[in-house]
Structures are given as C-alpha cells and as structure tokens.
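Examination of the molecular architecture
Single-letter residue listing:
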Amino acid sequence: MVMVGCADSSVAVFYKNKESGKGWNTDNYKLVMLGKSMSPLPVSVITPVRDNVWVGYGGNIAVLTVPNIAIKETHVFTEGERALVTHMVALGTGVWIACRFSSVLTLLDSLSLQPLQQVNMEEVLKPVSISYGFTTLIRVSAVLCYNNLLWIGTSQGAMVTIPLKSLSPSTYVTEPPSDTTPMFAVRHEARISLHGHQGSVRYIIVAKYNSDDVTSCPRKMSNTSANSEVLLRRRSACTRIVLSGGEGYISYRDMDAGTLSTIRRGRIIRGFHRPLSS
C-alpha cells in the first residue's frame, strides 16, 4: 500500500489492484481524517514505527494501526499557530522528531510517547559557529538514523553525526540495536562533516552502491573468528553510501586557515569528520 498525506489533515491509502495484480487502484482508496475539518492542518511527514505508522500534521502526531489503517492514538507534540512536525526517524523503540524553525531534536518513546532526550543543534555547533561563519539561526533541515549514528542536516548546510547508544551505560552498540531498546544520542561525541552545502541540507539518504569493488574496506586485521566477523560486517557496510542533497558544495577543511573551498556540485558524505568538542 501507499500512503499519501494531504493538506486537509487527511491520509489517502492506495492499494494494488487485486484482480489484475498489477498497478494501483486509484478509484477505491481509503481516506483517514486526522484533524477537524473546520481547521485542517497539513500532513507533513509519514514514517513507519515498529508495527504502526506515525503521521505528523501541524504540531500533532497520529499513530495509525497497520494493516487496517485506523487511528490508534494522537499526541500533541508542540503547540503554536505555525507549529509543524517536519522530520521523524525511528530506531529501536525511539523516534527522533524535529519541527519547522527549530534547532531541537526530541527523542520520543514509541510505546509511551514520552520524551526521553533533547539535542539542541545550536549548542552542538556552538564551538565552531564563529570560525565556520554560522551567523544565522541554526535549524534542523534533514534527519537520518543509520549505522548507529544520528545524521543531522542544518539550515547552514553543515552536516553532523552523533553516535547512538543503548540504555546500557558502558556498552556502545556495535550490532544492530534491539527493536525493544531506545537509542540515546552521545552529544559530546558529535562530529561535523568536512563536506557541506552552501544552503540548507534538503535531505540525507542511504543508497546502495552497486559495485563489487570493496578494496577501500579495512583488511589489515588479525585472522581470528571475531575479527573475521567484524571484517565481513564492514565490507557489507561498504556497499552502502550516505548521500546528501542541497544547493552547491562547500568544504570546511580549510576553515581554520580562514579560506573556503567551494565547488558547485554535489558530493558524497565521506569519512572526513572533525570532532565538535564543547
């Protein structure tokens, strides 16, 4: 099925043609109304969370059941005339949420809908704001959870990664997290990518790299079963890349020298990161 968010606080659900088994039935679709018709709020984001689907409309979040697509519960995330939930990404039992015109990311528990943690990107980027020329207010413009990292794009074009860990206080997650465990951000280990954009980061996505060339993956490891397993995992990770979209390209490598290297083309986010120590 395909779910489409509408501007009148509704979600249209389309299903495949049962008779032919091909194409989509655009005539008989299901419409789920989330808000009051007298004061509609636009649906801004839809994302799967565990066994449900979360929908952001205005400053609210609706939890829809699957596959019958019924409203399970609603939650007022933020209030205000211009409130709008713009980003939701799930990992484990946690959901990271950001709103329009906001620099704050909030981690909600998907079971209780209670806030667990907040990360303010203005505070995270404060150590480099002056040297990197971030003169305007920093806003969250893109969010992704991948490889136990929280990837955050900002309105300044800078991209930041923050490690995510489980509830265990001393163990960092190296395996895929349990789907019953929230993942918390380790703020003091945040890093800024040395590749950025000249405008807002529009999106950050994971793409499959269709190539058999894994020569860039680490190979110099002792021949033990544990290291062999880690090596296979790393080589497997090398078949995926993280891509960002935005206007132009800017390099932060020479910022300390007071120069900017700009290239008018898109770039892959590579492994060149600078720690953000507060």
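Position labels on residues start from 1 in each chain and follow its written sequence. At least 70 in pLDDT is required for a residue's local features to be given in this predicted model, at least 80 for side-chain atom pairs to be given and counted, and no such filter applies to totals for whole chains, interfaces and linings, which use all residues. Computation of side-chain values covers all heavy atoms of the structure but excludes hydrogens and water.

Some remarks on the sheet that holds strand β2 (residues 10-16)
- Taken together, three strands build an open sheet; the order of strands is β1-β2-β3 and the sheet is antiparallel. Taken across any chain shown, the strands that pair with only one partner, and hence form the sheet edges, are β1 (2-5) and β3 (24-33). Here the strands of the sheet are splayed against their neighbours by 25° on average, with no regard to which way each runs.
- Alignment of β1 against β2, held across four bridges, turns out to be antiparallel. Each bridged residue has a counterpart across the sheet, and for Gly5 the counterpart in β2 is Val11. Note on pairing: DSSP must find at least two bridges between two strands before they are called paired. Helix and strand definitions here come from DSSP, where helices need a minimum of 4 consecutive H or I residues and strands a minimum of 2 consecutive E residues; each element is numbered from the N-terminal end. Structural elements are reduced to axes, namely lines fitted to C-alpha atoms, with helices fitted over the stretch in contact, and the angle between N-to-C directions of any two is expressed from 0 to 180 degrees.

Some points on the side chain of Ser103
- Turning to its location among the elements, Ser103 is positioned in the loop between β9 (94-99) and β10 (104-109).
- Polar contacts involving the side chain of Ser103 include one to the side chain of Asn120, which spans 2.9 Å.
- With residues near it in sequence (within four places) discarded, Ser103 still touches Val119, Asn120, Met121, Glu122, Ile138, Arg139 and Val140. Here a polar contact is recorded for every N or O atom pair within 3.5 Å, except that within protein the pair must consist of a potential hydrogen donor and a potential acceptor, and residues adjacent in sequence are included only if both atoms are side-chain atoms. Here a residue-residue contact requires only that any non-hydrogen atoms of the pair lie within 4.5 Å.

Quick look at the packing of aromatic side chains
- Working definition: rings of Phe, Tyr and Trp (its six-membered ring) pair if their centres are within 6.5 Å, and the pair is stacked with planes under 30 degrees apart, edge-to-face with planes over 60 apart, and tilted otherwise. Here the structure, examined in full by the defined rule, presents one aromatic pair.
- On the basis of an interplanar angle of 35° and a centroid distance of 5.1 Å, the ring pair of Phe14 and Tyr29 is categorised as tilted. Of this pair, Phe14 sits in strand β2 while Tyr29 is found in strand β3, placing the two residues 15 residues apart along the sequence.
- Exposure classes here rest on a 1.4 Å probe applied to the protein chains alone. A residue is buried below 20% of its type maximum, exposed above 50%, and partly exposed in between. Exposure remark for Tyr29: the relative accessible area of 42% places this residue in the partly exposed category.

Regarding the confidence of the model for the chain
- Per-residue confidence from the prediction method is given by pLDDT, with values spanning 0 to 100. Confidence in the prediction of the chain, expressed as mean pLDDT, is 79, and 75% of residues score 70 or more.
- Here residues 213-223 scores under 50 on pLDDT; set against residues more than four positions off or in separate chains, the count is 16 contacts.
- Confidence over residues 256-273 falls short of pLDDT 50; this stretch has 42 contacts with residues more than four positions distant or in other chains.

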